[in-house]
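# Structural characterization, general
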Amino acid sequence: MQAKTLQMELMGKEFKISNTPLITYANGYATVSYGDTIIMANALMSEKGKEGQDFFPLTVDFEENMYASGKIKGSRFVKREGRPSEKAVLTSRLIDRPIRPLFPKGTTNEVQLICTALSVEKDCDPATTAINAASMAMLLSGAPFEGPIGAVKMGFKDEKLIINPTDDEVKNGRLNLTVAGTIDAITMVECAASEITEDQMLEALSLAHEQIKKICQLQLDFIKEMEIEKIVPSITEKNEEAKKAIEESVTLEMLNEIKGVTKMDVKKRLHALEDSIIEKYAKQIEEELFTEGDLKMILNSKFEENMRRNILEKGERVDGRKVDEIRPISVQLDVLPRVHGSAMFQRGETTALTITTLGGPGDALIVETMDEDDTRRYFHHYRFPPYAVGEIKPLRGPSRRDIGHGDLAERALLPVLPTKEEFPYTLWLVSEILKCNGSSSMASVCGSTLSLMAAGVPIKKPVAAIAMGLMVDKENPSKYRILSDIQGLEDFGGDMDFKVAGTEDGITALQMDIKIKGLSVDLMREALMQAKKGRMEIMGKMLEAIPSPRKELSKYAPMIMSMMIKPDFIKVVIGKGGEMINKIIAECGVEIDIEDSGLVQITAPSQENGDKAVEWIKKLTYEPKVGDIMEGKVVKILDFGAMVEFAPGKDGLVHISKLSKQRVRKVEDVVKLGDKITVKLYEIDDLGRFNLMKVESLNGKPVTDSKVVPTDPTLPPDAKEKPDYKTLGERVEGTHSVRKIV
């Protein structure tokens, strides 16, 4: 392969493609750089297909390298890169999704694509650069890839759309949109947004596609006049004898009978027809003219073709719905008694049980990645066990699909969550998929909204979600049907899986996967408008079950108390080597988080535990003022008075003349070592020493009889014994506890 380099300007930065000096033994290799972000892509394809392969064996990996951004991570003992981070997995999926549909259907050759991050500039997105590099490597490999594809990122800040935004523009803006496509159409969309309208989203997609065309053209220019050895794909061929047998035995009426409201209804009828055909051709199977698998594969293809035909020509779906009709919805709240919040959302057969767990600030998730480190106070986990689709499989931890669906549901709810100042809890959501017949990720979004509201989390607005499908006439692409709320058969046999989540005011998350070569912006407009109609219908059903977030948190949820201390006192509360803060945590049974601003957050199982920790910290950070009255302990006897400790680490002198109104001959006549006495601070001298006097009466009563002496030295004498905690939203100084939302 001849050495070559091409570059162009892309949004003020250099975008460059090169196949030198980094050279490998891959069928196709390329290095693509955008700014200082450099991605090396290597594409390989086997010469022959895998026998018996029933799906396209494409493997895509994005390799994060900490060295790419000048970081050394890991434990003290292990520095080697380990398993991929969730961000790396999500990037691998981003690369895979627009490339997979551009290979011939039925390809059985193994294809591996490895994209390696060599250098990363924070403001030049490595994910979109990797998609562009992957496309270039595929073109150079000679694989039957119907590319090129290009990818860009879109942002929205100050009411303006931004192409390839900086990191700051993404974080402080309202849109984080990744778009991939060919010269002709858009093939993949991944988006997190803060209530972007449909019109704004379509404008962003249109602008993105203009830049994608330029990136694709540069790739086409790069391969001009290059000698690329083409790899002939191995395509799964249908057994002609089996095809003939199905054609002779299966009528249109038989195919039309394969329908039902539930997935099992459809499966039973399809399996019954399969069994009858296998029985009919038992002799031919025995003679090895074809196999049972050949017959089943061709029958399933015939069923899918008929399903498409019925939808395109009659608008009839397998379960009897209209093309824009939503399956029946049911909602159950408080399914689990001891958790902090739970809700079960069911749409058709697809059922998601979502659980909300509330924790303290210290429970936040710390994420270390190649380009940035992050602390998340909200995270969502999606679980899809094999029983959800009636299968038997070993459990091997979260799959790439699980991670992707969890991330999508997480992004959908982020814009409506309360701020840390409004609600200081860490939020952990888990969606258990109990049954699945399509659109389980969107069910987990709806379940998350319901679970958060049931838990008493004051979300700003509810979020609903829907998955849209598409059937396109292969002979006449201008003829198509957009389907609302697709089920499993329509997903596998259709041409699009378009997931949309949002509030009544705009979109919060978007994801599109297609199996055709691309979609026009006009078709996407129609899909988005139909999705909005369906989303609002689903929202209505959700709000019937719970109109707004509950005002009370679960009695099993932890209590969070907040107080402000001066930043200078942080080291006092922590103590040498953490000795003091660990002692408070152990003795009070709480968790304590301290921010640099002086915000102290105490997560306690009960008010009593929290009160104890709060009072301890208040005494540690107490700043004595002249006139304060407090209880102290005699820690030292001197000839001329007694030293009294009135707060941890703070003591003062009660001179012998201040021990009593009467003349005192000897200090021990009034107090002894270890005695608890009430004292008043009457002076702080020039050297900062505290001068105290013993208080014998308070409010006209002897101290020994008085019950109004405060145990907290920071409170005035007429205060209650325990602090009067403020509720959330009222805090300025002092403390507040969170259990009731006001």
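Figured I'd write up the structure that's included with this text. Bear in mind the structure is a predicted one, so any value in this text is a computation, not a measurement. (Residues numbered from 1 in each chain as written. Predicted model: local features only at pLDDT ≥ 70, side-chain atom pairs only at ≥ 80, totals over all residues. Heavy atoms only, no water.)

### Here's the deal with the overall build of the protein chain
Secondary structure assignment for the protein chain yields 16 helices and 32 strands. Over its C-alpha atoms the protein chain spans a radius of gyration of 34 Å, topping by over 25% the 27 Å that the globule rule assigns to 742 residues. Counting across all 742 residues of the protein chain, residues that qualify as buried make up 52%. Sequence separation of 24 or more characterises 69% of the internal contacts of the protein chain that already satisfy a separation of 6 or more. A total of about 35700 Å² of accessible surface is found on the protein chain, and carbon and sulfur atoms cover 50% of it. The centroid of the 102 positive side-chain charges in the protein chain is displaced by 5 Å from the centroid of its 116 negative side-chain charges. (Helix = DSSP H or I, 4+ residues; strand = E, 2+ residues; numbered from the N terminus. Rg over C-alpha atoms; globule rule 2.2 N^0.38 Å. Buried < 20%, exposed > 50% of the residue type's maximum accessible area, 1.4 Å probe, protein only. Contact = heavy atoms within 4.5 Å. Areas by Shrake-Rupley, 256 points an atom, 1.4 Å probe, with all protein chains shown as cover. Lys, Arg positive; Asp, Glu negative; His and termini not counted. Charge placed at Lys NZ, Arg CZ, Asp CG, Glu CD.)

### Comments concerning the sheet that holds strand β26 (residues 641–647)
Ordered in space as β25-β26-β27-β29-β28, the 5 strands form a closed barrel in which the pairing is mixed. Adjacent strand axes in the sheet meet at a mean angle of 50° when their direction is disregarded. (Pairing = 2+ DSSP bridges. Axes fitted to C-alpha atoms, helices over the stretch in contact; angles between N-to-C directions.)

### Quick notes on the pattern of salt bridges
Any two side chains of opposite charge can pair if their charged atoms end up close together. On inspection of all chains with the given rule, the structure shows 40 salt bridges. Arg-97 serves as the salt-bridge partner of Glu-190, at 2.7 Å between the closest nitrogen and oxygen. Here Arg-97 lies in helix α1 (residues 86–99) and Glu-190 lies in strand β10 (residues 186–196), a separation of 93 residues in the sequence. With respect to class, Glu-190 is no different from Arg-97; both count as buried. Across the pair Lys-461 and Asp-505 runs a salt bridge whose closest N-O atoms are separated by 2.5 Å. Of this pair, Lys-461 sits in the loop between α11 (440–455) and β18 (464–472) while Asp-505 sits in the loop between β20 (496–503) and β21 (506–514), placing them 44 residues apart in sequence. The network of salt bridges with common partners includes Arg-317, Asp-319, Arg-321, Arg-327, Arg-347, Asp-485 and Glu-490. (Salt bridge = Lys/Arg side-chain N within 4 Å of Asp/Glu carboxyl O.)

### So, the pairing of strand β14 (residues 365–368)
Sheet topology places β14 next to strand β15 (residues 373–376); 4 bridges connect them, and they run antiparallel. Paired with Val-367 across the strands is Asp-374, a residue of β15. The hairpin formed by β14 and β15 contains 4 residues between the paired strands.

### Some words on the packing of α1 against helix α10 (residues 400–413)
Axes are the key here: two packed helices are described by the angle between their axes and the distance separating the axes. Contact geometry for α1 and α10: axes closest at 10 Å, N-to-C directions at 95°. Here α10 runs roughly perpendicular to α1, going by the angle between their axes. Contacts from Glu-86, Val-89, Leu-90, Ser-92 and Arg-93 in α1 reach Arg-400, Arg-401, Ile-403, Gly-404, His-405 and Asp-407 in α10. Broken down by class, the residue content of the contact of α1 with α10 amounts to 3 nonpolar, 3 polar and 5 charged. (Parallel < 35°, antiparallel > 145°, perpendicular 65-115°, else oblique. Nonpolar A, V, L, I, M, F, W, Y, C, P; charged D, E, K, R; others polar.)

### Quick word on the sheet that holds strand β1 (residues 5–10)
Pairing within the open sheet is mixed, and its 6 strands lie in the order β1-β2-β3-β4-β6-β5. Of all strands in the sheet, those bounded by a partner on one side alone are β1 and β5 (58–63). Looking at each pair of strands side by side, their axes are set apart by 15° on average, direction ignored. Here β1 runs beside strand β2 (residues 13–18); their pairing, made up of 6 bridges, is antiparallel. Its bridge partner lying in β2, Glu-9 is registered against Glu-14. Set on the sheet, helix α2 (residues 126–141) makes contact with β2, β3 (28–34), β4 (37–49), β5 and β6 (109–119); between it and β4 the angle comes to about 40°.

### A few points about the packing of α10 against α11
Their axes nearest at 9 Å, the elements α10 and α11 cross at an angle of 45°. Compared by their axis directions, α10 and α11 come out oblique. Considering how the two elements wind past one another, α10 and α11 form a crossing that is right-handed. Across from Arg-401, His-405, Leu-408, Ala-409, Ala-412 and Leu-413 in α10, the residues of α11 making contact are Ser-440, Ser-441, Met-442, Ser-444, Val-445, Ser-448, Thr-449 and Leu-452. Classifying every residue of the contact of α10 with α11 by side-chain character gives 7 nonpolar, 6 polar and 1 charged. (Left-handed = near helix turned anticlockwise from the far one by under 90°.)

### A look at the packing of aromatic side chains
Scanning the entire structure with this criterion turns up 8 aromatic pairs. Plain terms: the ring middles of Phe-423 and Tyr-425 are 4.8 Å apart, the flat faces sit at 40° to each other, and that makes the pair tilted. Centroid distance Tyr-622 to Phe-646: 6.3 Å. Interplanar angle 85°. Geometry classified as edge-to-face. You can see Tyr-622 sitting in the loop between α16 (607–620) and β25 (629–638) and its partner Phe-646 sitting in strand β26, a full 24 residues away along the chain. Among the aromatic residues, those joined into a cluster by ring pairs are Phe-56, Phe-103 and Phe-145. When the ring centre of Phe-222 is taken as reference, the NZ or CZ atom of Lys-4 above it lies at 5.7 Å. (Phe/Tyr/Trp six-rings, centres within 6.5 Å; stacked < 30°, edge-to-face > 60°. Lys NZ or Arg CZ within 6 Å of the ring centre and 35° of its normal.)

### Focus on unusual backbone geometry
Of note, the bond from Thr-20 into Pro-21 is cis; its omega dihedral lies within 30 degrees of zero at 5°. Residue placement: Pro-21 occurs in the loop between β2 and β3. That bond from Gly-147 to Pro-148 is cis: its omega, 10°, falls within 30 degrees of zero. Here Pro-148 lies in the loop between α2 and β7 (150–157). Despite not being glycine, Glu-288 shows a phi value in the positive range, around 65°. Following the sequence through the fold, Glu-288 ends up in the loop between α8 (282–286) and α9 (292–314).

### Here's the deal with a positive patch on the surface
Together, Lys-105, Lys-238, Lys-243, Lys-474 and Lys-515 line one region of the surface with positive charge. Its place among the elements puts Lys-105 in the loop between α1 and β6. The class for Lys-105 is exposed, based on a relative accessible area of 74%. (Patch = residues over 30% accessible without salt bridge, like charges linked within 9 Å, V, L, I, M, F, W, Y side chains within 5 Å.)

### Observations concerning the side chain of Thr-37
Structurally, Thr-37 is set in strand β4. Of the polar contacts made by the side chain of Thr-37, one reaches the backbone oxygen of Cys-124; its length is 2.7 Å. Setting aside residues up to four positions removed in sequence, Thr-37 forms contacts with Val-32, Ser-119, Val-120, Glu-121, Cys-124, Asp-125, Pro-126 and Thr-129. (Polar contact = N/O pair within 3.5 Å; in protein donor to acceptor, adjacent residues only side chain to side chain.)

### Comments concerning the environment of Asp-158
Turning to its location among the elements, Asp-158 is positioned in the loop between β7 and β8 (160–163). We classify Asp-158 as exposed; its relative accessible area is 65%. Considering only alpha carbons, one finds Asp-158 and Asn-109, 49 residues apart in sequence, at a separation of 48 Å.

### With respect to helix α5 (residues 240–249)
Buried residues of α5: Ala-242, Ala-245, Ile-246 and Ser-249, and no others. Each buried residue of α5 lies within a common arc of 95° when the element is viewed along its axis, so the set occupies one face. In α5, the exposed positions that point more than 90 degrees away from the buried face belong to Glu-240 and Glu-248. At its buried positions, α5 is contacted by α6 (252–256), α7 (263–280) and α9. Sitting at the head of α5, Asn-239 places a side-chain oxygen 2.9 Å from the backbone nitrogen of Glu-241. (Arc of directions from axis to C-beta.)

### Looking at the environment of Leu-22
In this fold, Leu-22 is placed in the loop between β2 and β3. Separated by 200 residues in the primary sequence, Leu-22 and Phe-222 place their C-alpha atoms 16 Å from one another. When sequence neighbours within four positions are dropped, the list of residues in contact with Leu-22 reads Tyr-29, Thr-31, Met-40 and Leu-118.

### Regarding α1
Between the first and last C-alpha of α1 there are 20 Å, a value that for 14 residues agrees with the 20 Å anticipated at 1.5 Å per step. Of all the 14 residues making up α1, 11 are buried; the element is thus mostly covered by neighbouring parts of the structure. All of the buried residues along α1 are Ala-88, Val-89, Thr-91, Ser-92, Arg-93, Leu-94, Ile-95, Asp-96, Arg-97, Pro-98 and Ile-99. (Expected span 1.5 Å × (residues − 1).)

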